[in-house]
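# Tertiary structure, described
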Amino acid sequence: MVFNWRTWQGVLFLFVVLVSVLFSGIIRAESANDEQSFFNQYQIRRGRYLVTAVAGCADCHSPQNNPNDPQWLAGYMPGTPGQPFDVGPGFKIYPANITPDKDTGIGSWTPQQVFNALRQGVDNEGHVLCPPMPWPTFRNMSDRDTWAIVAYLKSLTPVSNNVPENVAPDGTRPDCSVLYQGLQPLPPYPGKNETGGEV
Ligand code: HEC
């Protein structure tokens, strides 16, 4: 092929087309303000898998573990055995409504705030989440998996279910930050009981 001016024109044309396609993609991504289009189908399905088969979120948030349940992930329901959780004498801890209902669930939380709940164990107002919410374990999940769970939760049908406030023995709202003061990050791999080698 002779590399003449016509060829350059062709290359230039293709380049311009490519740049405009890329830019229109960016502009579209920026103008997409609803959360459904913020996340993709892959993330949502991965999130469903993690929520239903790996992380056991439903054990507490929806004990039937059935996405067809009209109360799926809507949190505490009166009469659920073992709930509210009695994490110490006089304490009552209620599993939250984690559907995207704006008034009673996480509908008004930004995706980043839901991410922070799993990564840092804080709610949208900065309160530390109480046990038995296993955020000290969930915080070790990869960014990718944590975002997948956020995507899944945000994609759910909102369920209106007003979960009561937690109570401490003196009737106030318990401050669970005291329980997690000494929390350490995972040791680097390999730890003492991990050979780091082949089996
Ligand atoms: C062993 C029980 C248990 C499991 C398993 C569990 N949670 Fe929770 N979760 C709770 C309880 C209890 C609370 C309420 C904590 C509080 O109010 O301080 C909570 C709170 C939350 C909150 C904060 C909501 C709010 O309104 O404050 C989010 C988000 C959440 N859980 C998501 C999840 C996800 C996602 C999973 C699975 C990856 C999961 N939880 C697994 C018990 C659990």
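Here the structure is shown first, and the text comes after it.
Report follows, based on the coordinates. Being a predicted model, the structure only gives us computed values, none of them experimental.

## Some details on the overall build of the protein chain
Across its full length, the protein chain holds seven helices and zero strands. When the helices and strands of the protein chain are listed from N to C terminus, the series reads α-α-α-α-α-α-α. For the protein chain, the proportion of its 199 residues judged to be buried stands at 23%. For the protein chain, restricting intrachain contacts to residue pairs at least 6 apart in sequence, the fraction spanning at least 24 positions comes to 59%.

## Structural notes on the site of the ligand
Residues in contact with the ligand amount to 25 residues; listed here are only the nearest, Ala55, Cys57, Cys60, Ala96 and Met133. At the level of elements, helix H4 (57-61) and helix H5 (111-120) are the ones that each hand at least two residues to the shell around the ligand. In terms of residues, the shell around the ligand owes the most to one element, H4, which gives four residues. Taken together, the residues that form the shell around the ligand break down as 20 nonpolar, three polar and two charged.

## Considering the environment of Tyr189
As for its position among the elements, Tyr189 is in the segment after helix H7 (143-155). When the 7 C-beta atoms within 10 Å are taken as the criterion, Tyr189 is described as exposed. If we ignore the near neighbours within four places in the chain, the residues touching Tyr189 are Glu194 and Gly196.

## Notes on unusual backbone geometry
Residue Pro84 follows Gln83 across a cis peptide bond; omega there is 0°. Mapped onto the elements, Pro84 comes out in the loop between H4 and H5. Pro190 follows Tyr189 through a cis peptide bond whose omega is -5°. Relative to the helices and strands, Pro190 is located in the segment after H7. Phi is positive for Asn65, close to 50°, though the residue is something other than glycine. Following the sequence through the fold, Asn65 ends up in the loop between H4 and H5. Of the residues examined, Asn65 has 16 C-beta atoms within 10 Å and is grouped as partly exposed. Of note in the backbone geometry, Leu73 takes a positive phi value of approximately 65° without being a glycine.

## Digging into the packing of H5 against H7
H7 packs onto H5 with a crossing angle of 125° between their chain directions and a minimal axis gap of 9 Å. If you check the angle between H5 and H7, you find them oblique. Considering the relative orientation of H5 and H7, their crossing is right-handed. In contact with Pro111, Val114, Phe115, Leu118 and Arg119 of H5, H7 contributes Thr146, Trp147, Ile149, Val150, Leu153 and Lys154. By residue class, the composition of the contact of H5 with H7 is eight nonpolar, one polar and two charged.

## Section: the packing of helix H3 (residues 41-54) against H7
Running from amino to carboxyl end, H3 crosses H7 at an angle of 95°, the nearest separation of the two axes being 7 Å. Considering their axes alone, H3 and H7 lie roughly perpendicular with respect to each other. Residue-level contacts link Gln43, Ile44, Arg46, Gly47, Arg48, Leu50 and Val51 of H3 to Asp145, Trp147, Ala148, Ile149, Ala151, Tyr152 and Ser155 of H7.

## With respect to the environment of Pro132
By the element assignment, Pro132 lies in the loop between H5 and helix H6 (135-138). Judged by C-beta crowding, with 11 C-beta atoms within 10 Å, Pro132 ranks as exposed. C-alpha separation for the pair Pro132 and Val87, spaced 45 residues apart in sequence, amounts to 7.5 Å. Ignoring anything within four residues of it in the chain, the contact list for Pro132 reads Cys60, Phe85 and Val87.

Reading the values: the criteria
- Residues numbered from 1 in each chain as written.
- Predicted model: local features only at pLDDT ≥ 70, side-chain atom pairs only at ≥ 80, totals over all residues.
- Helix = DSSP H or I, 4+ residues; strand = E, 2+ residues; numbered from the N terminus.
- Buried ≥ 20, exposed ≤ 12 C-beta atoms within 10 Å, placed from the backbone.
- Contact = placed C-beta atoms within 7 Å.
- Near = placed C-beta within 6 Å.
- Nonpolar A, V, L, I, M, F, W, Y, C, P; charged D, E, K, R; others polar.
- Axes fitted to C-alpha atoms, helices over the stretch in contact; angles between N-to-C directions.
- Parallel < 35°, antiparallel > 145°, perpendicular 65-115°, else oblique.
- Left-handed = near helix turned anticlockwise from the far one by under 90°.

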